[in-house]
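Take a look at the letters that make up each chain.
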Amino acid sequence: MKIVLDINRQSISLDVPPSETLLESLRVLGYLGVKSGGCVRGECGACTVLMDGKPVNSCMFLTAQAEGHTIETIEQLGEHPEQGWRKTKGLDSIQQAFIDVGAIQCGYCTPAMVLAAKSLLEKNIHPSEGEVREALSGVLCRCTAYVKPVQAVLRAAAKLRGEEVPEIFSSTGGHNLLFDPIPQLPPEEYAGYDQTMLKTGVLPKLKMIQDSDQFRVIGHPEPKVDAMKLVQGKPAFTADLSLPKTLYAQVLHSPVAHAWIKNIDVSKARDFPGVAAVLTWQDIPRVVYSTAGQSDPIPGPLDTFSLDRKVRFVGDRVAFVAAETLEIAKKAISLIEVDYEELPVIVNPEDAMRDGTVVIHEEPEFVNFADSDPSKNLAAEIRIDIGDVEKGLSEADKIFEDVYEVPKVQQAHIEPHVTLTYWDEDDRLVIRTSTQVPFHVRRMLAPVLNLPIKRIRVIKPRIGGGFGGKQEVLIEDVAAHLTIATGRPVFYEMDREEEFIASRSRHPMRIKLRTGVKLDGTITANEMICLSDTGAYGCHALTVAGNTGHKSMALYVGDGNYRQSPNIRFYADVVYTNTPPSGAYRGYGVPQGFWPVERHMEKISRALGLDPLSFRLKNALRPGELHPFSTAWSEGREPKPEIVETIGLEECVNQGKAAIDWDSKFGSEEWHTIPGKPHLRRGVGVAMVMQGTAIPYLDMGGASIKLNDDGTFNLLIGATDLGTGSDTILAQMAAEILGVRTEDIIVYSSDTDFTPFDKGAYASSTTYISGTAVVKAARQVAYLLRKRAVSMFVEMGIEAKLQDVSLVNHMATLPSGENLSLEEISLNSLHHVNQEQIMAVASHMSPVSPPPFAAQFAQVLVDTETGCYEVEKLVMAVDSGVIINPITASGQIEGGMAQALGYGVCEEMVYDEKGRAREKDLVDYHIFRADEMPEMETIFVETYEPSHPFGAKAVAEIPMDGVAPAVGNAILDACGASINDNPVTPEKLWRELKRKS
Amino acid sequence: MFTKIERRRMNSIYIRPESIESAISSIRDLSGTKKILMGGHYHSESNSDDFVFVDLQALGIDRILTYESQIEYGSMARLQQILEHPNTPESLRDALRIESGQNVRNSLSLAGLIDNADGRSPSLTALLALDPQLEFQPSQQYFPLELYLSNKKDQNFGLFFTKVVIKTPVALAFKSVARTPMDRPILCASVASWQEERIRVSLGGFGEKPCCIYDQYTSNPTASKILENYSPMGDQWASAEYREEMAVVLIKRCLIEIFNHTQEEK
């Protein structure tokens, strides 16, 4: 049908099928700032446009319905202020505010939020925070916790009102020039520190160590290097590239949880017009592999095939289809007839290892790793004994024992898994994919596709959130097999239901804790017995469970003699069930461990009448002590002893308890009650946590830096920025060494053909591992620059020595004041004398994994009649070493806390007895909206980690660890109800209150 | 010059009638599976089917009119429009906010809500307590929402409805239990009260549709009296036992709010 649309004040004539959605049409027309979250009920809002000035989801309208209405997309707003000789009006003030305050992380939902803000500010230039939150309520964001987007809209409103807004970014000043210091504690509490407390609407409080203020770029809230493109909705993501003759892939997913495929009839599908290929297990090579994106050798069983004749969960793969259109592909899927021979189903992990239970993996190709045993449905087994637990328990005055549970939860990145594969002109297979692990994708898929590694190129564009879900080689093989079958480009994007039934998730666990304690609060022994459910395949089975013990059981070593020789046991069985596979999810096993440990510690301290903070700190690991697990476990490899040099935990507790006002709340009956509302009770809770920073002796990242004619640099890295800001952090480190601005570092990541190897974005490693590689490369380049500067100075008749040349402000400078610009040096080196390309490549692997530490606090309001409760405030004080960029780092903490809040409060994936999922969309699987977030506060307590060139440790995963137990402990504090099963739902709380009464 | 997009088949038909009469004749006369577009449909669910899309947006049935004794919502009024209308009861606004974020509220019409929502819908639960009457076409007869929800496929109602009429003045209370403030309710209750001491109570948060559990002319009923002949069901989201006890708590709270409201009015 022929229609005319008014898009961005342009009249556009279309001949469009009546069933086409507005989202589809806009993307075909090139309005690629309109993103798809794969949802079918309009719940994510990534596809927001303004229709007659109001934000709507373009997936909920037919294109034909939009005729007669004005449509605005992000492309109508501002653009880069300089387009060569053409000057533009620059960015819109809302877009600029989003960049200024660091409101952009992965950027996938940013255009939608900017448009929603535009709609609000056109009606109301004086919005309250509540009104801003309501305006953003239709756009789900999994990265930011909405903290900075809300601030961005308020800032833009102020600017539009003509008000002065405080400067946030500066490339010249130190911290003190940027922010108003607002001390939160009396000075005497800072004894021994030389620090400044800083606070604005978007920046965290930062308790700095003196050393970190010497830097020009490090420690500064530089804008993200990718912010400009993301705020404009530029075609930066995998789905934004289209190639001629691209086919669309769909997967037939199993409707049953466990069955042999007796017969598949694909004849009707193959014959359907427009279908290019239908593949079943009979059509492709049978190659066993693991989808877990990890280094070689994969530390887990190989138990997966691209397609198999057996299905092991509802959602498992049965067949692949490629067709001319998505509509035809879906139709073809519906035409495939499958005859299943159903088998008994295991949903409960406790049933998996019972004698006589059905075996889920009996394939002869199964490759064991460590102690996996498919005949027992055992994907992995861990047995770690440190010291003598039985002796420690026998020396205890009291033994505390309890069983805890944590649920399966979803990463829920807003950009679904998406990939595009094609043969290039050299007959090499190109995989353009939204992945955290491009180099692992290349290595792991080569045998599956029967291609040598050298004939595969993996390109990672921007990623619309990953959180571990894209540390999986999950769908690249689907498109690749279909490209091999058809010779044509193939595009495959999961929809939201597929994300829930056929993707990966966090391992659910049942954990038994037994702890021996002296009456003075000394822990004498600590034992964790863990049953982990890996679902139908063993991806990350061993390493996630290993991390559960490695981090959560390492924090409390005991005191006195026990501190010297702690008694710790960690046993884990990781079993197969007929549920969707678990995998990597931000935190990687550690949140599962800290739920029981921190709930347990709280109960012990209360039972013994001890202060919960002092009890924890008494037993916690201290600087200079041996990481207790370092001699016992290293992801299935040879362990090596590791000393923990920096621990800011005690100061984190001090700062966090001040921020939440612990001393006036904890133990105060008056504070706990609400006058006139006896059914409401307030409570406050804490959890202390630690994580890791990369995997020692394993994780490696590389970086390459080259000088350009104008004195700028290309930084090529294999590291993958998921929206965390790692590209920016790495550019800042290079800029610091090379004496230039962050914007003079042009970052490119990642492409297996062009960028150095990096194991990928996981294990909180990029700042630490890839960052050190960048620093090493930058130092080599700096050396070459200084060397050339010396020869140029000498040529000019100026005496100069290498050690006297410093690189500052884009110049090589001598103490005498003489200087050469980097542009002069680069022209000299590239064009004038002894020509050479000044460049360097470096890589880094670490022998240690310095843990970040944190104290997390929560305040709740409990309705004791209903079991409902509201989390009113979250505070996190974290020691992540030196903070390279406070604005991106605090964004990590805020976003992590929001995900962790969901873990504690509402997120879980539930299956019925036939393995069918309850949650298939983002309505039933509720993630927090902008208009229901609690107040959040982030405090960084800096330490200087000596194993990193700038003293940094990890920041990305640790916020996941302590929110749920802090909320659980706050509930206990409020009303005495102690819930062992996470998340604490209203009914669980109500039952516990009822049981107690 | 028309840019041609061929990602889907052209078999479907889209029409946008400009009068109620032409909408009626389009729905009656055109052959094929009809899909009446009233705002806020989920199109990706119907990817591979052929439809006759009849879009009611041009009928002028999105207005909200207030009269002395009733408020009349056009069936195509969007949820956000209803939320922003000054005469919409505050508790209905609360329910609408929980129903969805602002984007969906800007898309979804009252008719779209009524036709698509299930028993877990907070705003449908609140609406049901208000005992709306729906004006159907072509008969122009009014039927209660409650009756329509009991069998939406009954063709005796007519082809589509154009108005949702609520008798006023009315006091409305809405309470829910949920995992977070904006999550789908596990249980929600709504109580409407009119001047003539009519009390009407609905429960939602489960099942295929919310249900009206009480509708009497009486003063000061108790929660247990209201619930004496009704027990909510259990499902994957909550047990029947929990819902049973919560129903008492929520209805009691609604009644107190209604009572306080009535006292303030006096």
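Residues numbered from 1 in each chain as written. Chains lettered and ligands numbered in written order. Predicted model: local features only at pLDDT ≥ 70, side-chain atom pairs only at ≥ 80, totals over all residues. Heavy atoms only, no water.

Turning our attention to the overall build of chain B. Helices and strands together make up the secondary structure of chain B, namely nine helices and 13 strands. At 20 Å, chain B has a C-alpha radius of gyration in line with the 18 Å of a compact globule built from 266 residues. With respect to the principal axes defined by its C-alpha atoms, chain B has extents near 65 × 45 × 35 Å. Looking at chain B residue by residue over its 266 residues, the buried ones come to 57%. A sequence separation of at least 24 residues applies to 57% of the contacts in chain B between residues at least 6 apart. Only carbon and sulfur atoms are counted for the fraction: they give 45% of the accessible area of chain B, which is about 11200 Å². Computed over 29 positive and 34 negative side-chain charges, the inter-centroid distance for chain B is 4 Å. (Helix = DSSP H or I, 4+ residues; strand = E, 2+ residues; numbered from the N terminus. Rg over C-alpha atoms; globule rule 2.2 N^0.38 Å. Buried < 20%, exposed > 50% of the residue type's maximum accessible area, 1.4 Å probe, protein only. Contact = heavy atoms within 4.5 Å. Areas by Shrake-Rupley, 256 points an atom, 1.4 Å probe, with all protein chains shown as cover. Lys, Arg positive; Asp, Glu negative; His and termini not counted. Charge placed at Lys NZ, Arg CZ, Asp CG, Glu CD.)

Attention now moves to the overall build of chain A. For chain A, the helix and strand inventory stands at 27 helices and 36 strands. Relative to a compact globule of 997 residues, whose C-alpha radius of gyration would be 30 Å, chain A shows 28 Å and is just as compact. Looking at chain A as a whole, 69% of its 997 residues are labelled buried. Residue pairs in contact within chain A that sit at least 24 positions apart in sequence constitute 78% of those at least 6 positions apart. Looking at charge distribution, chain A has the averaged site of its 97 positive side-chain charges lying 1 Å from that of its 134 negative ones.

Formed by 197 residues in total, the largest nonpolar core has its most connected members in Phe98(A), Val967(A) and Leu989(A). Ignoring anything within four residues of it in the chain, the contact list for Val967(A) reads Ala858(A), Val860(A), Tyr869(A), Val871(A), Leu874(A) and Leu901(A). Ranked by size, the runner-up nonpolar core spans 74 residues in total, among them Ala23(B), Val52(B), Leu108(B) and Ala111(B). (Core = buried A, V, L, I, M, F, W, Y, C linked by side-chain atoms within 4.5 Å.)

Residues and elements named next belong to chain A. Here four strands make up an open sheet; going across it, the order is E29-E28-E27-E33 and the pairing mixed. Lying at the two open borders of the sheet, with one neighbouring strand each, are strand E29 (745-748) and strand E33 (839-845). Mean inter-strand twist for the sheet, computed between neighbouring axes without regard to direction, equals 20 degrees. With five bridges connecting them, strand E27 (residues 700-707) and strand E28 (residues 713-717) associate as antiparallel partners. Considered in E28, the bridge of Ser704 is made with Leu716. Lying over the sheet, helix H22 (residues 726-738) contacts E27, E28 and E29, oriented at roughly 145 degrees with respect to E29. Sheet strands in contact with helix H23 (residues 766-795) are E27, E28 and E33, and its direction is about 150 degrees off that of E33. (Pairing = 2+ DSSP bridges. Axes fitted to C-alpha atoms, helices over the stretch in contact; angles between N-to-C directions.)

Together, Asp709(A), Asp710(A), Glu823(A) and Glu824(A) make up a region of like negative charge exposed at the surface. Note on Glu824(A): relative accessible area 40%, which makes it partly exposed. (Patch = residues over 30% accessible without salt bridge, like charges linked within 9 Å, V, L, I, M, F, W, Y side chains within 5 Å. Salt bridge = Lys/Arg side-chain N within 4 Å of Asp/Glu carboxyl O.)

Let's shift gears to the side chain of Thr246(A). Residues and elements named next belong to chain A. Relative to the helices and strands, Thr246 is located in the loop between helix H7 (227-231) and strand E9 (247-253). Separated by 2.6 Å, the side chain of Thr246 and the backbone oxygen of Leu243 make a polar contact. Among all residues touching Thr246, those that are not within four sequence positions of it are Glu324, Leu420, Arg488, Pro489, Val490 and Phe491. (Polar contact = N/O pair within 3.5 Å; in protein donor to acceptor, adjacent residues only side chain to side chain.)

Here we take up the confidence of the model for chain B. Residue-level pLDDT values for chain B average 92, and 94% of them are 70 or greater. Per the prediction output, this complex has pTM 0.96; the corresponding ipTM is 0.96. (pLDDT = per-residue confidence, 0-100.)

Taken residue by residue, the interface counts 59 residues in chain B and 73 residues in chain A. Overall, the association of chain B and chain A removes approximately 5900 Å² of surface from exposure, summing both partners, and the carbon and sulfur fraction of that is 53%. Remark: the boundary between chain B and chain A carries eight salt bridges. Two residues, Arg120(B) and Asp924(A), come together in a salt bridge whose shortest N-O distance is 2.7 Å. Taken together, chain B and chain A are joined by 28 residue pairs in polar contact (both at pLDDT 80 or more). (Buried area = accessible area lost by both parts, 1.4 Å probe.)

For the rest of this paragraph, the subject is the packing of H23(A) against helix H24 (residues 822-832) of chain A. Residue and element names in this part refer to chain A. Where H23 contacts H24, the two axes come as close as 10 Å, and the packing angle between them is 85 degrees. Taken together, the axes of H23 and H24 are roughly perpendicular relative to one another. Taking contact as the criterion, the partners of Leu785, Arg788, Ala789 and Met792 in H23 are, on H24, Leu822, Glu824, Ile825, Asn828 and Ser829. (Parallel < 35°, antiparallel > 145°, perpendicular 65-115°, else oblique.)

Moving on, we come to the sheet that holds strand E14 (residues 337-342) of chain A. All names here are of chain A. Strand order in this open sheet of three strands is E12-E10-E14, and the pairing throughout is antiparallel. This sheet does not close on itself; its edge strands, each paired only once, are strand E12 (310-311) and E14. In terms of strand pairing, strand E10 (residues 259-265) meets E12 through two bridges, oriented antiparallel. Bridge pairing in E12 places Trp260 opposite Lys310.

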